[in-house]
Amino acid sequence: MDVLNHLFLGFSNAISPANILWCLIGVSLGTLVGVLPGLGPVATMAILIPLTVKLNHISALIMLAGIYYGSMYGSSTSAILVNIPGEPASVITSLDGYQMAKKGLAGPALGMSAIASFVAGTLSIVGLMFFAPLMSSLALGFGPAEMFALTFFALTILFSFTGKSLSKGLLSGCLGLLLATIGIDVQTGALRFTHNSPHLVAGISLVAVVVGLFAVPEILINAEKISLYAYQTHIGRVLPTKQDIIKCLPTMFRATVIGFMVGIIPGGTPAVAGFVSYDIERKIAKKPQTFGQGAIEGVAAAEGANNSATSGGLVPLLTLGIPPSAPIAVLLGAFLVHNITPGPLLFQEHPEVVWTLIASMYIGNVMLLVLNLPLVGMWARICRVPYPIIAPLIMVISFLGVYGDRNSLFDVWVMLIVGVMGYIMRKLEYPLVPLVLAFIVSPIMENALIQSLTLSSGSIMIFFSRPISLTLILLAMVSLAGALLSRKRQAKVVEVLGLEGD
Amino acid sequence: MVLMEKTTSALLLVLGLYFTVQSVSLGLFSSGKPGVGFFPFLGGLILTIISCAQLIGTLKICKDTLEKPWSDKQGIRNIVLIVAFTALYIWTIGILGFLIPTIIYLLALVDLISEYSLKKKLIYSLASSFILFLIFAVLFAMPLPKGLLW
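Since we're looking at a predicted model, the values are computed, not measured.

What follows concerns the overall build of chain B. A count of helices and strands for chain B gives 5 helices and 2 strands. Along its sequence from the N terminus, chain B presents helices and strands in the succession α-β-β-α-α-α-α. In terms of overall size, chain B is more extended than a compact globule, its C-alpha atoms giving a radius of gyration of 24 Å where 150 residues would be expected to give roughly 15 Å. Taking the principal axes of the C-alpha coordinates as reference, chain B spans close to 65 × 50 × 20 Å. Residue pairs at least 24 apart in sequence account for 60% of intrachain contacts in chain B once pairs closer than 6 positions are excluded. On chain B, roughly 8300 Å² of surface is accessible, and the fraction owed to carbon and sulfur atoms is 75%. If you average the places of the 11 positive and of the 6 negative side-chain charges in chain B, the two averages end up 9 Å apart.

As a further point, take the domain arrangement of chain B. Entries for chain B in the domain assignment read domain 1 (2-61) and domain 2 (73-139). Computed over C-alpha atoms only, the centres of domain 1 of chain B and domain 2 of chain B are separated by 39 Å.

With 167 residues, the main nonpolar core has Leu64(A), Leu128(A), Phe335(A), Ile358(A) and Phe98(B) as its most contacted residues. Built from parts of two domains, this core gets at least three residues from each of domain 1 (2-61) and domain 2 (73-139) of chain B. What Phe335(A) contacts, discounting residues up to four positions off in sequence, is Leu61(A), Leu317(A), Leu318(A), Ile340(A), Pro342(A), Leu346(A), Val353(A) and Leu357(A).

Contacts between the two partners involve 55 residues from chain A and, on the opposite side, 60 residues from chain B. Taken together, chain A and chain B are joined by 1 salt bridge. Its salt-bridge partner being Lys168(A), residue Glu5(B) comes within 2.9 Å of it at the nearest N-O pair. Our enumeration of links across chain A and chain B arrives at 6 residue pairs in polar contact (both at pLDDT 80 or more). Every element with two or more residues in the side of chain A that touches chain B is listed here: α8 (166-179), β2 (191-192), α10 (206-224), α18 (387-406), α19 (409-427) and α20 (433-455) of chain A. Partitioned by chemical class, the residues of the side of chain A that touches chain B number 39 nonpolar, 8 polar and 8 charged.

The next thing to look at is α10(A). All names here are of chain A. Under the 1.5 Å per step criterion, the end-to-end length of α10 is 27 Å for 19 residues, consistent within 8% with the ideal 27 Å. A maximum bend of about 35 degrees is found in α10 at Gly212. Along α10, 16 of the 19 residues are buried, which leaves the element largely enclosed by surrounding structure.

This part is about the UniProt feature "transmembrane region" (unreviewed entry) in chain B. Residues and elements named next belong to chain B. According to UniProt, the positions carrying the feature "transmembrane region" (unreviewed entry) are residues 39-59, 79-110 and 122-144. Between the C-alpha atoms that bound residues 39-59 the distance is 30 Å, and the span itself is 100% helix and 0% strand. Between the end C-alpha atoms of residues 122-144 there is a gap of 23 Å, over a span that is 78% helix and 0% strand.

Turning to the packing of aromatic side chains, a few remarks are in order. Residue and element names in this part refer to chain A. Using the criterion set out here, one finds 14 aromatic pairs over all chains in the structure. Arranged with centres 5.4 Å apart and planes meeting at 70 degrees, the rings of Tyr278 and Phe291 form a pair that is edge-to-face. Here Phe291 lies in the loop between α12 (270-284) and α13 (296-320) and Tyr278 lies in helix α12, a separation of 13 residues in the sequence. Phe291 matches Tyr278 in its accessibility class, with the two residues each being buried. Residues Phe399 and Tyr403 carry aromatic rings whose centres are separated by 6.1 Å and whose planes lie at 10 degrees to one another, so their mutual orientation is stacked. Residue Phe399 and its partner Tyr403 are both found in helix α18; the two are separated by 4 residues, about one turn of the helix. Assessed through its relative accessible area of 2%, Phe399 is described here as buried.

About the cut-offs
- Residues numbered from 1 in each chain as written.
- Chains lettered and ligands numbered in written order.
- Predicted model: local features only at pLDDT ≥ 70, side-chain atom pairs only at ≥ 80, totals over all residues.
- Heavy atoms only, no water.
- Helix = DSSP H or I, 4+ residues; strand = E, 2+ residues; numbered from the N terminus.
- Rg over C-alpha atoms; globule rule 2.2 N^0.38 Å.
- Contact = heavy atoms within 4.5 Å.
- Areas by Shrake-Rupley, 256 points an atom, 1.4 Å probe, with all protein chains shown as cover.
- Lys, Arg positive; Asp, Glu negative; His and termini not counted.
- Charge placed at Lys NZ, Arg CZ, Asp CG, Glu CD.
- Domains from an automatic or database assignment.
- Core = buried A, V, L, I, M, F, W, Y, C linked by side-chain atoms within 4.5 Å.
- Buried < 20%, exposed > 50% of the residue type's maximum accessible area, 1.4 Å probe, protein only.
- Salt bridge = Lys/Arg side-chain N within 4 Å of Asp/Glu carboxyl O.
- Polar contact = N/O pair within 3.5 Å; in protein donor to acceptor, adjacent residues only side chain to side chain.
- Nonpolar A, V, L, I, M, F, W, Y, C, P; charged D, E, K, R; others polar.
- Expected span 1.5 Å × (residues − 1).
- Bend = angle between axes of the 7 residues up to and from the residue.
- UniProt positions renumbered as here; feature names shortened; annotations may be inferred.
- Phe/Tyr/Trp six-rings, centres within 6.5 Å; stacked < 30°, edge-to-face > 60°.

Okay, here's the thing in C-alpha cells:
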C-alpha cells in the first residue's frame, strides 16, 4: 500500500507539463543516439549533465534516465536494418533481426523489438518499484565496514569480468581509484598530488573523465576508417502478426525476469542480459536451429532482456549508491551534480525524486512505444546520416559539455588527455568501465575504509568480524579466483586450438 | 601494438611508483589513525605490483606473438591530426573566443574525414557553428569562452 501511495505521489509530479516535456526530450534523444552508431547513451548523458544544472533536479534526472532506456529501444533499429548495432546491447538483436530484414520482414522485426522492449521495460519497472525499497531498508543497517566491503565486492566483480584480461581490468580500476584522490581530501582538507596547481585543488572533473573516456575514443576509433551508413532495406508493415505476438509472450516474460536479475549484478550490462536471455531461449526452443536464421523469438528475447536490465541496474544505484554499469555510473554523477546522494537514505530523504523518476519511466516507456512503432520509418532514415557529419559536432558538443560543467578550459584539456588515454586503452583492450566506476566509487570507498579503521583502532579484523562484510569480502575473493581460473582455462583452450589473436 | 603494450605497462608502473612514494610523504598514519596518504598508498602499491607483472608478462609473451599493426597509415594520420586540431582549438578558443575557432575547427575536421565539396564543407561548418552558438550561448545562456573575436 505504501508503495502505491508513493507511486501516486510520483505520478502526480511526473505528469506536470515540464516533466512530461523533459521525459519526451530524454526518450527521443535516447532513441536518436541509440539509432546512430558511434554516439552512445554514456557519452550523451555525460555531455548533457552540465547543461542540466539550471534545470529542476527532478526534470534533469527524468531526462537523463530517459536517454538511457530510450537508447535501448533505438539501438535495435540500426541493428535490424543495417546490421550495425547502435549499442553493444543490440548485437544479439542483429543476429535474428537482420536475417528477418534480409527476408523482407524488417517491419515485423522492428515491431516485435518495440513491443518486447515495451513489455519488458514496463514490467521491470514494477520489479524496481517493489524490490528497491526492500533492498533500501536492508541497506539502512550498513555501517562503514559493510559499505567498504560492498564497494570492494562491486569493483572486484567489475575488474574480474570486464575485458579479456584480469590484470588489465585491475590496472584500469586502480587508475580510476587513484585519479579520484587528486585534489583536496574532504576529511582533513589536505591537498594531495596537486603540485600547487590551483586547477587541481577541486580534483579532476567527473564530466571531463567520462566524456574523455567514452566520447573522444569513439570518435578517434571511427576516424580510423570512415564509413557511410546507409540502408537499403524495405520496412513494409510494422506490426507483427497476432500469432507472432502470442508466440513471443512467454519469451518476453522470461526475458523480463532474466534481464532484471542480470541488471542488478555489477557488470551485468544490458548486453550481457540480452546474451543470457537469448542463449536460454535458444536452449529451450522447439526449433533451436531457427535461431540466428531470423527467429522472431530471438529478437524478443534480446530486446526484452536488455530493456529490463536498465531498470534492474537502477536498484543498486538507488538503494546502495553503487552503479553496476557505465551508463548508471554517469547517472550517479548526475545525482551528485544535483546534490542528491543515492544510497539507503535516498528513499527517506528524497522520496519525491525516486518515485517521480520511477513514475516517469512508465510514461517514458509508453512514449517510446509510440515513437518506435508508427515513427520507425523516421528513425530508419536517420541511419542514413553520414558519420563525417556527426563526428565533428560530437567533438564540439563534448567540449561545450565539459567546459560548461565548471567554466574551465583546464577541464577541456583533461578531457582531451583522458580521451587519448582512453583511445590507447581501447586499442590495447584495457576495459574503460572499471576506470570510470572506480573513479566514482573511490571517495565512498576511502571514507568507508578510513571510518572503519578509525572505529577499530586500525584493526582490519572489523571487516571479518561482521557477517555481511565478511560474506561480501569472501564473495569478492571467490570472484577474483574464479576469474583467474576461467581465464587460465580459456588461455589453455586458445593455445590448444591455435586460436591466438581471435 | 607490442611496443605500445610495453610502453603502457611501463608508464603505469611509473605512475604506480609515483603515487606510492608521494603517498608515503603525505603520511600513512596520523595519531594512530589512517592518514591522508593511506588510501592512495594502497592503490599505488597495487598499481605498481600489477603493472610490474604486466610488464614482465608483455616482455615474455611478445617474442612469440605476431605483431598486429596499430592502424593503417591513413588511420594514424587521421588520429594524429584530429588530436592536433583539437589541442589547437582548445588553445585558440581561450584567445579568440568560441565562434571563429569553432568554424575553423569544424571545417578542418570535416575536411579531414569526408570527401564533400569545399562549398558544402563551408556551409556545414558555418551553419553548425552558428546553430551551436545560438543553442548554447543564447538559449541555454551558457558562458562560453570570450576572446578577442567572440
